[in-house]
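Close look at the chain arrangement
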Amino acid sequence: MEKRKLGFWDIWNLSFGFLGIQMGFALQNANASRILQIFGADVHELSWFWIVAPLTGLIVQPIIGYYSDRTWTRLGRRRPYFLSGALLASMGLVLMPNADMFTAFLPALWVGAGMLMIMDASFNVAMEPFRALVADVLPSDQRTLGFSIQTVLIGIGAVIGSWLPYVLTNWFGVLNEAQPGEVPTNLLLSFIIGALVLVGSILITVFTTKEYSPDEIAQFSKDEEQEDEKESSLLDIFTDFKKMPLTMKQLSSVQFFSWFGLFGMWVFSTPAIAHHVYGLSLDDHGDAYQVAGDWVGILFGVYNAVSAVYAFFLPAIAKKIGRKMTYAIGLICGGLGLISIYFVPNENWLFLSMFGIGIAWASILAMPYAILAGSIPAKKMGVYMGIFNFFIVLPQIINALIGGLMVKYLYGGNPIFALIISGVSLLIAAALVTKVKDVDDTVLIANN
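Residues numbered from 1 in each chain as written. Predicted model: local features only at pLDDT ≥ 70, side-chain atom pairs only at ≥ 80, totals over all residues. Heavy atoms only, no water.

1. Points about the overall build of the chain
Note the cut-off: Per the convention used, a helix needs a DSSP run of H or I reaching at least four residues, while a strand needs a run of E reaching at least two, with both numbered from the N terminus. The rule is simple: take the accessible area with a 1.4 Å probe, protein chains only, and divide by the maximum for that residue type; under 20% is buried, over 50% is exposed, in between is partly exposed. Note on contacts: a residue pair is in contact if any heavy atoms of the two residues lie within 4.5 Å. Accessible surface area values rest on a Shrake-Rupley calculation with a 1.4 Å probe, where residue burial reflects the displayed protein chains alone.
Of the regular secondary structure elements, the chain holds 18 helices and 0 strands. For the chain, buried positions account for 60% of its 448 residues. Considering only contacts in the chain between residues 6 or more positions apart, those separated by 24 or more positions represent 84%. Summing over all exposed atoms, the chain offers an accessible surface of approximately 17400 Å²; the carbon and sulfur share of this is 67%.

2. Considering a nonpolar patch on the surface
Rule in force here: Only residues whose relative accessible area exceeds 30% and that form no salt bridge enter a patch; like-charged residues are grouped when within 9 Å of one another, and nonpolar side chains (Val, Leu, Ile, Met, Phe, Trp, Tyr) when within 5 Å. Note on definitions: salt bridges are taken to be side-chain nitrogens of Lys or Arg within 4 Å of carboxyl oxygens of Asp or Glu.
Residues Phe8, Trp9, Val309, Phe312 and Phe313 make up a contiguous nonpolar surface patch of about 570 Å² in total accessible area. The topology assignment puts Val309 in helix 12 (residues 287-321).

3. Section: the environment of Phe313
Topologically, Phe313 is positioned in helix 12. For the pair Phe313 and Ser148, spaced 165 residues apart in sequence, the C-alpha separation works out to 8.3 Å.

4. What to know about the pattern of salt bridges
Counted under the stated rule, the structure contains 4 salt bridges. Residue Arg34 pairs with Asp294 through a salt bridge whose shortest N-O separation is 3.1 Å. A residue pair is termed long-range when its members are at least 10 positions apart, and Arg34 in helix 2 (residues 17-38) and Asp294 in helix 12 qualify at 260 residues. Considered together, Arg34 and Asp294 belong to a single accessibility category, that of buried residues.

5. A few points about the nonpolar core
Put simply, the test is: Buried Ala, Val, Leu, Ile, Met, Phe, Trp, Tyr and Cys residues form a nonpolar core when they are joined through side-chain atoms within 4.5 Å.
In this structure, Ile21, Leu36, Phe123, Ile202, Trp266, Tyr327 and Leu331 are the most contacted members of the largest nonpolar core, which totals 125 residues. In terms of residue count, the dominant contributor to this core is helix 6 (residues 108-137) (16 residues). The residues touching Ile202, leaving out its near neighbours within four places in the chain, are Gly17, Ile21, Phe82, Leu83, Ala86 and Phe130.

6. Structural notes on the packing of helix 13 (residues 323-340) against helix 17 (residues 416-433)
Threshold: Here an axis means a line fitted to C-alpha atoms, over the contact stretch when the element is a helix, while the angle between two N-to-C directions is reported on a 0 to 180 degree scale. An angle below 35 degrees is treated as roughly parallel, one above 145 as roughly antiparallel, one from 65 to 115 as roughly perpendicular, and anything else as oblique. Put simply, a crossing is left-handed when the front helix is turned counterclockwise from the back one by less than a right angle, and right-handed when it is turned clockwise.
Between helix 13 and helix 17, the shortest axis-to-axis distance is 7 Å and the interhelical angle comes to 165°. Our classification of the angle between helix 13 and helix 17 gives roughly antiparallel. Classified by chirality, the crossing of helix 17 by helix 13 is left-handed. Where helix 13 approaches helix 17, its residues Lys324, Tyr327, Ala328, Leu331, Ile332, Gly334, Gly335, Leu336, Leu338 and Ile339 are matched on the opposing element by Leu419, Ile420, Ser422, Gly423, Val424, Leu426, Leu427, Ala429, Ala430 and Val433.

7. Structural notes on the environment of Val296
Secondary-structure assignment places Val296 in helix 12. In this structure, the C-alpha to C-alpha distance between Val296 and Tyr166, residues 130 residues apart in sequence, is 9.6 Å. Leaving out residues up to four positions away in the same chain, Val296 has contacts with Ser269, Thr270 and Ile273.

In structure tokens:
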């Protein structure tokens with residue numbers, strides 16, 4: 001029995017919820033550090049406030065994957081999980097910039113950090129079942145296309161989320177100024193709009209996508225071993241971790257350096273660009289800093305726009321030169337893009353830096369999952385996608401622990417060097433891609 005091939009719009013609807021997830025994720029990535037600084041965080045403390053989110057993901061993701069492999073409800077197998085994650089993330093989006101409402105109970109900085117934790121953990125709860133859904137539903141020869149379309153939607157959502165605060169201010173006259181300790185109106189409204197789009201886009205996928213039943217998934221599985229369900233338990237996650245396929249082990253090191261670099265970019269881009277490119281003091285959080293922060297949102301939108309366009313070409317490029325080479329080239333472009341931020345003469349030249357980062361982002365979102373999906377058993381797609389998330393959150397945790405200290409003590413308080421280290425990290429990841437064994441890619445090339 002073989003999985004049916006889906007048409008373009010079926011695959012589009014399959015991943016449409018990712019548009020909303022990434023819109024919210026982009027709002028968080030571009031603005032969370034700025035919001036935390038408004039509430040009183042110092043630049044070298046920023047990475048510490050981000051640490052709880054990946055730490056939560058480290059625990060939550062394998063558990064979500066384990067239970068989603070064993071779930072079958074009226075909503076299906078994966079849909080209950082990413083719907084729940086979307087609802088929780090939307091709550092975080094609404095409450096984080098409004099954290100000063102709770103100062104009667106806790107300092108706004110604490111509440112904002114807590115909402116960041118809930119928001120990022122919820123995005124992770126929603127994302128990984130979505131990854132597994134694509135692998136569940138699509139046959140092997142459509143998976144690169146499936147993850148590429150998912151990357152396109154991620155790019156579109158991220159562009160909207162990244163540009164929204166700037167657009168609201170410059171096109172619609174919404175204020176981007178506020179009293180000290182308060183979040184500007186354009187950010188407040190952007191986060192509310194993001195929450196609404198997130199829930200709406202998830203519902204489109206929920207109502208338009210049909211999942212295969214557990215019996216059908218079992219028939220598709222190439223794994224001949226039958227699990228004894230009576231002996232199955234949550235502790236099997238540790239056994240599965242030990243038995244992870246070779247390809248997954250090889251990809252784990254690539255993921256580690258990729259996401260170490262990405263985390264540094266998200267946390268330190270706003271203060272680094274405000275200080276190094278705009279020439280502002282690290283203690284300046286006034287109107288000029290808000291302008292720089294809005295510009296960082298535009299830049300993040302640019303790299304996501306590049307990612308969305310480039311993702312359309314990923315299947316053709318991968319078919320021509322192979323998935324590994326496609327992946328490595330993308331990481332090299334991103335590494336050079338990050339390093340180039342140090343050398344740009346003004347903020348407009350940063351568009352060129354974002355072009356390289358966008359190519360890397362498209363590759364990171366699509367290629368490792370397309371490679372991974374062909375190496376793991378269909379019946380354990382969810383738990384292995386969750387375990388794979390270890391190698392996304394662990395580097396973020398490590399960067400969160402040491403990144404701020406490195407900025408303070410090693411870089412003399414200058415966050416631009418955190419971006420350079422992020423670029424070097426992506427170049428290391430590119431070198432490690434060459435060691436990965438892509439089983440499906442070998443088979444597809446042989447067949448062609």
